[in-house]
Amino acid sequence: MSKEYSDYIIYVDESGDHGMSNINKYYPVFVLAFCIFKKTDYLQTVVNMQQFKFERFGHDMVILHESEIRRNRGDFAQFNKIQKQDFMDELTDLIKQENFTIVASVIDKNKMLEKYTHLRNPYYVAMGFCLERLYLFLKKNNATNKIIHIVFEQRGRQEDKELELEFRRWCDGDNYFKKRIDFNIRMASKQNNSVGLQLADLIARPIGLSVLKPEQKNKAFKVIKDKFRKYNRSYKGSGLKIFPD
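About the cut-offs
Residues numbered from 1 in each chain as written. Predicted model: local features only at pLDDT ≥ 70, side-chain atom pairs only at ≥ 80, totals over all residues. Heavy atoms only, no water. Helix = DSSP H or I, 4+ residues; strand = E, 2+ residues; numbered from the N terminus. Rg over C-alpha atoms; globule rule 2.2 N^0.38 Å. Buried < 20%, exposed > 50% of the residue type's maximum accessible area, 1.4 Å probe, protein only. Core = buried A, V, L, I, M, F, W, Y, C linked by side-chain atoms within 4.5 Å. Contact = heavy atoms within 4.5 Å. Patch = residues over 30% accessible without salt bridge, like charges linked within 9 Å, V, L, I, M, F, W, Y side chains within 5 Å. Areas by Shrake-Rupley, 256 points an atom, 1.4 Å probe, with all protein chains shown as cover. Salt bridge = Lys/Arg side-chain N within 4 Å of Asp/Glu carboxyl O. Lys, Arg positive; Asp, Glu negative; His and termini not counted. Charge placed at Lys NZ, Arg CZ, Asp CG, Glu CD. Pairing = 2+ DSSP bridges. Axes fitted to C-alpha atoms, helices over the stretch in contact; angles between N-to-C directions. Right-handed = clockwise from strand over helix to strand, strands pointing away. Disulfide = S-S within 2.5 Å.

Observations concerning the overall build of the chain
A tally of helices and strands in the chain yields 8 helices and 6 strands. Each helix (α) and strand (β) of the chain, taken in turn from the N terminus, gives the series β-β-α-α-α-β-α-α-β-α-β-α-α-β. Against the 2.2 N^0.38 benchmark of 18 Å for 245 residues, the chain shows a C-alpha radius of gyration of 18 Å, consistent with a compact globule. Along the first, second and third principal axes, the C-alpha atoms of the chain reach 50 × 50 × 40 Å. Considering the chain as a whole, with its 245 residues, one finds that 50% of them fall into the buried category.

Things to note about the nonpolar core
Core analysis: the largest hydrophobic core is formed by 42 residues, its most contacted members being L64, F87, L91, I207 and F228. Contacts of L91, omitting those with residues within four sequence positions, involve M49, F52, L64, I69 and L202. One finds V12, F34, L134 and W170 within the second-largest nonpolar core, a separate group that totals 34 residues.

Structural notes on a nonpolar patch on the surface
On the surface, L113, Y116 and L119 cluster together into a nonpolar patch covering about 230 Å² of accessible area. By secondary structure assignment, the location of Y116 is in the loop between α4 (109-115) and α5 (122-140).

Structural notes on the side chain of R205
Of note, R205 is situated in helix α7 (residues 195-212). Classification of R205 by relative accessible area gives buried; the value is 19%. Setting aside residues no more than four positions away along its own chain, R205 makes contact with S15, Y27, E66 and R70.

Quick notes on a positive patch on the surface
A cluster of basic residues, K217, K222, K225 and K236, forms a positive patch on the protein surface. Here K236 lies in the loop between α8 (219-225) and β6 (240-243). Owing to a relative accessible area of 63%, K236 belongs among the exposed residues under this scheme.

Examining the sheet that holds β6
One open sheet accounts for 6 strands, arranged β5-β4-β1-β2-β3-β6; its pairing is mixed. Both edges of this open sheet fall to β5 (183-188) and β6, since each of them pairs with a single strand only. Mean inter-strand twist for the sheet, computed between neighbouring axes without regard to direction, equals 20°. Its contacts with the sheet place helix α6 (residues 157-171) against β4 (147-153) and β5, and it is angled at close to 170° to β5.

A few points about the environment of I150
Checked against the element boundaries, I150 lands in strand β4. Owing to a relative accessible area of 0%, I150 belongs among the buried residues under this scheme. Remark: the alpha-carbon pair of I150 and K161, spanning 11 residues in sequence, is separated by 15 Å.

Things to note about the pattern of salt bridges
Opposite charge on two side chains permits them to pair, given that their charged atoms come into close proximity. Counting across every chain of the model gives 16 salt bridges. Between R169 and E166 there is a salt bridge, and its shortest N-O distance comes to 2.5 Å. Residue R169 and its partner E166 are located together in helix α6, separated by 3 residues, close to a single helical turn. Within this structure, D13, E153, K190 and D201 form a network of salt bridges that share partners.

Focus on the pairing of β5
Direction of pairing for β4 relative to β5: parallel, over a ladder of 6 bridges. Pairing of F152 across the sheet is with M187, part of β5. Taking the sense of rotation as the criterion, the β-α-β connection linking β4, α6 and β5 turns out right-handed.

Points about the state of the cysteines
If you walk through the whole model with that rule in mind, you get 0 disulfides. Free cysteine: C130, not disulfide-bonded; nearest cysteine sulfur from C35 at 10 Å. No disulfide involves C171; its sulfur sits 13 Å from that of C130, the nearest cysteine.

This is the structure we're talking about:
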């Protein structure tokens, strides 16, 4: 009998540069964020996000890209300061209402340079931490015996090929559990207008800023914090892995 498809779907996006040369002194971290949805919840999230776009723009072709919103580019250039704040408040409230779980990893690249002589790609390090926590989440929810898809944003042909190779190496047993884990990778362009990828994109930078500038006001992270996977009511380590810690 063939396996059934999982009740869960996962969307992945990043914030920051995974390169280890010319580290950005203002944002010297790499963040990878996994948004874990039950498919029934995801369908409702799609409806809610599309409705938000229709109300705000009159159509649903807008892609909610964090860097474009922050820099007032593209569809977001039309907002003045007050309109932008109103837009961000409504978007943040909408994310707060949606039902999904986050596992994420923040890689401090400067600390990696200080601590390690053999450096691995921060993207792969972060992915390993996130996949570990995803597996534990699915195991707790009795959801490891069905076909599950993890959707990553495309970055470039060669990078995607290398990422898929690293992903499959991890699944074949090069992981913390030393066992084969049956995850399936899908690569998707941001231009596909995937709500899941857009949500992963929107939450990644606030997570990075929460680590870089913990005392700075961060309304988005206040909402995000409640959605992390938790162990003994704490998200630190269980839902958010900071490395090196």
